[in-house]
Amino acid sequence: EAGVAQSPRYKIIEKRQSVAFWCNPISGHATLYWYQQILGQGPKLLIQFQNNGVVDDSQLPKDRFSAERLKGVDSTLKIQPAKLEDSAVYLCASSPRSTGSGANVLTFGAGSRLTVL
Amino acid sequence: DQQVKQNSPSLSVQEGRISILNCDYTNSMFDYFLWYKKYPAEGPTFLISISSIKDKNEDGRFTVFLNKSAKHLSLHIVPSQPGDSAVYFCAASWIFIGGTSYGKLTFGQGTILTVHP
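Here's what I pulled together on the structure shown here.

What counts, and where the lines are drawn
Residues numbered from 1 in each chain as written. Chains lettered and ligands numbered in written order. Predicted model: local features only at pLDDT ≥ 70, side-chain atom pairs only at ≥ 80, totals over all residues. Heavy atoms only, no water. Helix = DSSP H or I, 4+ residues; strand = E, 2+ residues; numbered from the N terminus. Rg over C-alpha atoms; globule rule 2.2 N^0.38 Å. Buried < 20%, exposed > 50% of the residue type's maximum accessible area, 1.4 Å probe, protein only. Contact = heavy atoms within 4.5 Å. Disulfide = S-S within 2.5 Å. Pairing = 2+ DSSP bridges. Axes fitted to C-alpha atoms, helices over the stretch in contact; angles between N-to-C directions. Core = buried A, V, L, I, M, F, W, Y, C linked by side-chain atoms within 4.5 Å.

1. As for the overall build of chain A
- Within chain A, the regular secondary structure consists of zero helices and 11 strands.
- Counting helices and strands in the order they occur from the N terminus, chain A gives β-β-β-β-β-β-β-β-β-β-β.
- The C-alpha radius of gyration computed for chain A amounts to 13 Å, which stays within 12% of the reference 13 Å derived for 117 residues, consistent with globular compactness.
- With respect to the three principal axes, the spread of C-alpha positions in chain A is 40 × 25 × 25 Å.
- Per-residue burial for chain A yields a buried fraction of 45% across its 117 residues.
- When contacts within chain A are restricted to residue pairs at least 6 apart in sequence, those whose partners lie at least 24 apart make up 54%.

2. With respect to the state of the cysteines
All names here are of chain A.
- A full pass over the atoms with the stated rule returns two disulfides over all chains.
- In this model Cys-23 forms its disulfide with Cys-92; the gap between the sulfur atoms is 1.9 Å. Between Cys-23 and Cys-92 the disulfide shows an S-S torsion of about -70°. By sign, it is left-handed. Of this pair, Cys-23 sits in strand 3 (residues 19–24) while Cys-92 sits in strand 9 (residues 88–95); the two residues are 69 residues apart in sequence, bridging distant segments of the chain.
- The class of Cys-23 is buried, set by a relative accessible area of 0%.

3. Quick look at the sheet that holds strand 3 of chain A
Residue and element names in this part refer to chain A.
- Read across the open sheet, the four strands follow the order 1-3-8-7; overall the sheet is antiparallel. This sheet does not close on itself; its edge strands, each paired only once, are strand 1 (5–7) and strand 7 (65–68). Across the sheet, the mean angle from the axis of one strand to that of its neighbour is 15°, orientation sign disregarded.

4. Thoughts on the side chain of Arg64(A)
- Take Arg64(A): it is sitting in the loop between strand 6 (53–56) and strand 7.
- When sequence neighbours within four positions are dropped, the list of residues in contact with Arg64(A) reads Lys78(A), Ile79(A), Gln80(A), Pro81(A), Ala82(A), Lys83(A) and Asp86(A).

5. Overview of the pairing of strand 4 (residues 31–37) of chain A
Residue and element names in this part refer to chain A.
- The buried fraction of strand 4 is high, at seven of seven residues.
- Direction of pairing for strand 4 relative to strand 5 (residues 44–50): antiparallel, over a ladder of six bridges. If you follow Gln-36 over to strand 5, its bridge partner there is Lys-44.
- Linking strand 4 back to strand 5 in an antiparallel pair, the connection comprises six residues, with Gly-40 at a positive phi of about 85°.
- With seven bridges joining them, strand 4 and strand 9 adopt antiparallel strand pairing. Within the sheet, the bridge partner assigned to Gln-36 lies in strand 9 and is Tyr-90.

6. Notes on the nonpolar core
All names here are of chain B.
- Membership of the largest hydrophobic core comes to 23 residues, with the highest contact counts inside it found for Phe-33, Trp-35, Leu-73, Leu-75 and Tyr-88.
- Tallying contributions element by element places strand 9 (residues 86–93) first for this core, with four residues.
- Those residues in contact with Leu-73 that sit more than four places away from it in its chain are Leu-21, Asn-22, Cys-23, Tyr-25, Phe-33, Trp-35, Val-64, Phe-65, Leu-66 and Cys-90.

Structure, rendered in structure tokens:
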């Protein structure tokens, strides 16, 4: 079974520029998550999708971050304009279930490391 | 507000000995707990979990203990192996009617485990 694919793996941009990250979850996984991991901290949930609908985006800074999951498969996370504090690893994760304890067992991608200068 | 805390940033253990990683939480709504392991340049991978209706769950060399009254959980690795060297994250979730909390994991800051040969 192929894992969660993410690209690009690394990105360096100047502040106020824009960036987009792409995620392809495990085939058949209905639930997709974007987490932000700042250096020295644990991952923090940004947004949760169930198929192509948003379940929770309460932690997403909507003035600069946006995410979509068209057709309920791939997802993109965009930051525009980027700030210095957005430097982090952006992790995509997916889960086969939407309910039950198994829904908490997420499979993570390797992440996209963003550096904002 | 750090709802899940791993107060030890690092732990060093000799091969063959026991590794004990600790985690404390403050939110009494949490009722499902997980440990993830992360190698450099990879995403976190699921290790073991425990529901709040249990106080112990074992999987091979890994055992998780939950003390609900103390809001404390620990991960025991016996015997420790050099390949166990990684960052270990404790995570917590809760279930409420509607089920939309699944997958919304709150992570601790992580503990770097180093197992010396």
